[in-house]
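Chain and residue survey
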Amino acid sequence: MKRYLLGMFLFVMLSFGLNDSRPEAKTQKENIVYADQVSWTEDGFAKVYVRIRNNQGMMGYRIHIRYDSSQIEVKKISQGGIMNQGIFQDNLGQKDGAVDVLWSGTEDMKKNGVLFSLSVQSKQKKQKEAVIHLSSSQEDTFNEKWEDVELHCNLIRIDGKSSPQSTSKPEQKNEETK
């Protein structure tokens, strides 16, 4: 009787499509690393909050940051609020136009929100758009089962419209930081 019930349960689950392979379902399971829209302040400064959404859980990551060092300078990297446990490091100042951010903990961190922030200074007056490229190191990005975790990193654009303050908002107490 137990086998019959188990067989019926599996049949019903598969029949109702819990093994959904539609593209929309796949994108909801992707770890997306991104930043909100950012603009230069009048004095050529921008604060970029690098966030994660659809976080499936990770115990460690390494994110590579590349940028045109003739246009911008990354002045400071700060740990995000959801990364308050574990070890957070960067190698800012070691290589021109590139920096790595490394974090590791002792268990999966599954929150959505700010991973880290970048304080960026323009090197040109009335800087037009600047681009920051993010990518992850697959061998250094993993969960507590030591399985690879794939991060889908979006391009960050800082637009040329200056504003009194950067338009990228800091962490908010909403669904992204829970």
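Residues numbered from 1 in each chain as written. Predicted model: local features only at pLDDT ≥ 70, side-chain atom pairs only at ≥ 80, totals over all residues. Heavy atoms only, no water.

1. Regarding the overall build of the protein
- A tally of helices and strands in the protein yields 2 helices and 11 strands.
- When its helices and strands are written in sequence order, the protein yields α-α-β-β-β-β-β-β-β-β-β-β-β.
- Counting only residues that meet the buried cut, the protein has 40% of its 178 residues in that class.
- Nonlocal contacts in the protein, meaning residues at least 24 apart in sequence, comprise 78% of its contacts between residues at least 6 apart.
- Of the accessible surface of the protein, which amounts to about 11200 Å², a share of 49% is contributed by carbon and sulfur atoms. (Helix = DSSP H or I, 4+ residues; strand = E, 2+ residues; numbered from the N terminus. Buried < 20%, exposed > 50% of the residue type's maximum accessible area, 1.4 Å probe, protein only. Contact = heavy atoms within 4.5 Å. Areas by Shrake-Rupley, 256 points an atom, 1.4 Å probe, with all protein chains shown as cover.)

2. Things to note about the packing of aromatic side chains
- A complete count under the given rule lists 2 aromatic pairs for this structure.
- Between Phe-142 and Trp-146, the ring centres sit 5.0 Å apart and the planes meet at 15°, which makes this aromatic pair stacked.
- Assessed through its relative accessible area of 15%, Phe-142 is described here as buried. (Phe/Tyr/Trp six-rings, centres within 6.5 Å; stacked < 30°, edge-to-face > 60°.)

3. Some points on the environment of His-133
- Mapped onto the fold, His-133 is located in strand 9 (residues 130–136).
- Measuring from C-alpha to C-alpha, the distance between His-133 and Tyr-67 comes to 6.3 Å, with 66 residues separating the pair along the chain.
- Once you skip the residues sitting within four places of it in the chain, His-133 turns out to touch His-64, Ile-65, Arg-66 and Leu-155.

4. Notes on the confidence of the model for the protein
- Put simply, the protein has an average pLDDT of 82, and 74% of its residues get 70 or more.
- Residue range residues 1–26 is modelled with pLDDT below 50. Its contacts to residues more than four positions away, or to other chains, number 4 contacts.
- Under a pLDDT of 50 for its full length, residues 165–178 has, in the predicted model, 38 contacts with residues more than four places off or in other chains. (pLDDT = per-residue confidence, 0-100.)

5. A short note on the nonpolar core
- Among the nonpolar cores identified, the biggest contains 33 residues, and Tyr-61, Ile-65, Leu-115, Phe-116, Leu-118 and Ile-132 are the most heavily contacted of them.
- The set of elements that each furnish at least two residues to this core consists of strand 2 (38–41), strand 3 (45–53), strand 4 (58–67), strand 5 (72–79), strand 7 (98–109), strand 8 (113–122), strand 9 and strand 11 (156–163).
- By residue number, the principal contributor to this core is strand 4, which donates 5 residues.
- Residues in contact with Ile-132, not counting those within four places in the same chain, are Ile-65, Arg-66, Tyr-67, Ile-72, Leu-118, Val-120, Leu-155, Ile-156 and Ile-158. (Core = buried A, V, L, I, M, F, W, Y, C linked by side-chain atoms within 4.5 Å.)

6. Overview of the environment of Glu-129
- Mapping Glu-129 onto the fold places it in the loop between strand 8 and strand 9.
- A polar contact of 3.1 Å, which involves the side chain of Glu-129, links it to the side chain of Arg-157. (Polar contact = N/O pair within 3.5 Å; in protein donor to acceptor, adjacent residues only side chain to side chain.)

7. Concerning the sheet that holds strand 1 (residues 31–35)
- Overall, mixed pairing links the 5 strands, which are arranged 5-8-3-1-10 in an open sheet. A single partner strand is all that each edge strand has here, and the edge strands are strand 5 and strand 10 (151–153). Within this sheet the neighbouring strands show an average axis-to-axis angle of 25°, counted without direction.
- Of the pairings in the sheet, the one linking strand 1 to strand 10 comprises 3 bridges and is parallel in character. Paired with Ile-32 across the two strands is His-152, which belongs to strand 10. (Pairing = 2+ DSSP bridges. Axes fitted to C-alpha atoms, helices over the stretch in contact; angles between N-to-C directions.)

8. Concerning the pattern of salt bridges
- This model, assessed by the stated rule, comprises 5 salt bridges.
- Note that Asp-36 and Arg-51 form a salt bridge whose closest N and O atoms lie 3.1 Å from each other. Here the residue Asp-36 occupies a position in the loop between strand 1 and strand 2, and Arg-51 occupies one in strand 3, the gap between them amounting to 15 residues.
- The exposure class of Arg-51 is buried, given its relative accessible area of 2%.
- A salt bridge links Arg-157 to Glu-129, with the shortest nitrogen-to-oxygen separation between them at 3.1 Å. Within this pair, whereas Arg-157 is found in strand 11, its partner Glu-129 is found in the loop between strand 8 and strand 9, the two being separated by 28 residues in sequence.
- Classification of Arg-157 by relative accessible area gives partly exposed; the value is 45%.
- One connected set of salt bridges, linked through shared partners, spans Arg-62, Asp-100 and Asp-140. (Salt bridge = Lys/Arg side-chain N within 4 Å of Asp/Glu carboxyl O.)

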